[in-house]
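# What the coordinates show
Each chain is listed here by its residues.
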Amino acid sequence: MEIIFIEQSKAILEEPDMIAALSNLSALINESFDRLNWAGFYFAKNGELVLGPFQGKVACTHIPFDKGVCGLTYRTCSTQIVPDVHAVKDHIACDSASRSELCVPVMVNGSCVLEIDLDSPEPDRFDQDTADIFNRLADLITDAWITYGWTA
Ligand code: SME
């Protein structure tokens, strides 16, 4: 599954339009991984995180850099695997069904420009193997971002 997912992601990232490509990637993630209730992107834009293409319930549109799992991912520029979102003091619950979360930064020239965010209704849904797949996806998005000259 992992190899197919990465190959399909590469095919989607042949699309040079940022919103078109990220929209299809959110759909691919949603259909490729089970036990998800939200899969999508936040852009780092104008000093905050702003909702991008996603699959799932209506979500927070603006997240400050100092809040939530997404804010922590931005501040640390590192992938966050959260086995129990209820244990995170400032976790932002966009969907009350969410129990675990994976958030991955997309880095361009040393800055986090975008985040991949996944929520699951199952506790401890995301392990290091899953994180590694999404770290690989983040690298592919970095390449596309630079190649196509995307901006948030
Ligand atoms: N849970 C995130 C907010 C984004 S939603 O999950 C889609 C957070 O705590 O930053």
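## A few points about the site of the ligand
- The ligand sits among Trp38, Tyr42, Ile63, Gly68, Val69, Cys70, His91, Ile92, Cys94, Glu101, Asp117 and Asp119.
- At a separation of 2.8 Å, a nitrogen atom of the ligand approaches a polar backbone atom of isoleucine 92.
- For the ligand, a nitrogen atom lies 2.9 Å from a polar atom in the side chain of glutamate 101.
- Among the secondary structure elements, those contributing two or more residues to the shell around the ligand are strand S1 (38-45), helix H3 (68-76) and strand S6 (111-120).
- When residues in the shell around the ligand are grouped by element, the largest group, three residues, is from H3.
- Of the residues belonging to the shell around the ligand, the class tally is seven nonpolar, two polar and three charged.

## Topic: unusual backbone geometry
- At cysteine 77, a position not held by glycine, the phi torsion is positive, near 50°.
- On the basis of relative accessibility, which here comes to 34%, the residue cysteine 77 falls in the partly exposed class.
- Even without a glycine there, the phi angle at asparagine 109 is positive, about 50°.
- With respect to the helices, strands and loops of the structure, asparagine 109 is situated in the loop between strand S5 (100-108) and S6.
- Of the residues examined, asparagine 109 reaches a relative accessible area of 75% and is grouped as exposed.

## Side note on the nonpolar core
- By size, the foremost hydrophobic cluster in this structure holds 34 residues, and its most contacted members are Ile29, Ile116, Phe134 and Ile141.
- Secondary structure elements with two or more residues in this core: helix H1 (2-12), helix H2 (18-32), S1, S5, S6 and helix H4 (128-148).
- Per element, the largest residue contribution to this core is nine residues, and it comes from H4.
- Here phenylalanine 134 is in contact with Phe5, Ile29, Phe33, Leu102, Val104, Ile116 and Leu118, once residues within four sequence places are set aside.
- Judged by nonpolar contacts, the second largest core, of 12 residues, contains Ala44, Ile63, Val69 and Val82.

## Some thoughts on the pairing of S1
- Burial of S1 is extensive: seven of the eight residues sit out of reach of the surface.
- Pairing between S1 and strand S2 (residues 48-56): seven bridges, direction antiparallel. Within the sheet, the bridge partner assigned to alanine 39 lies in S2 and is glutamine 55.
- Linkage of S1 to S2, two consecutive antiparallel strands, is achieved through a turn of two residues, within which asparagine 46 is found at a positive phi near 50°.

What counts, and where the lines are drawn
Residues numbered from 1 in each chain as written. Predicted model: local features only at pLDDT ≥ 70, side-chain atom pairs only at ≥ 80, totals over all residues. Heavy atoms only, no water. Near = heavy atom within 4 Å. Polar contact = N/O pair within 3.5 Å; in protein donor to acceptor, adjacent residues only side chain to side chain. Helix = DSSP H or I, 4+ residues; strand = E, 2+ residues; numbered from the N terminus. Nonpolar A, V, L, I, M, F, W, Y, C, P; charged D, E, K, R; others polar. Buried < 20%, exposed > 50% of the residue type's maximum accessible area, 1.4 Å probe, protein only. Core = buried A, V, L, I, M, F, W, Y, C linked by side-chain atoms within 4.5 Å. Contact = heavy atoms within 4.5 Å. Pairing = 2+ DSSP bridges.

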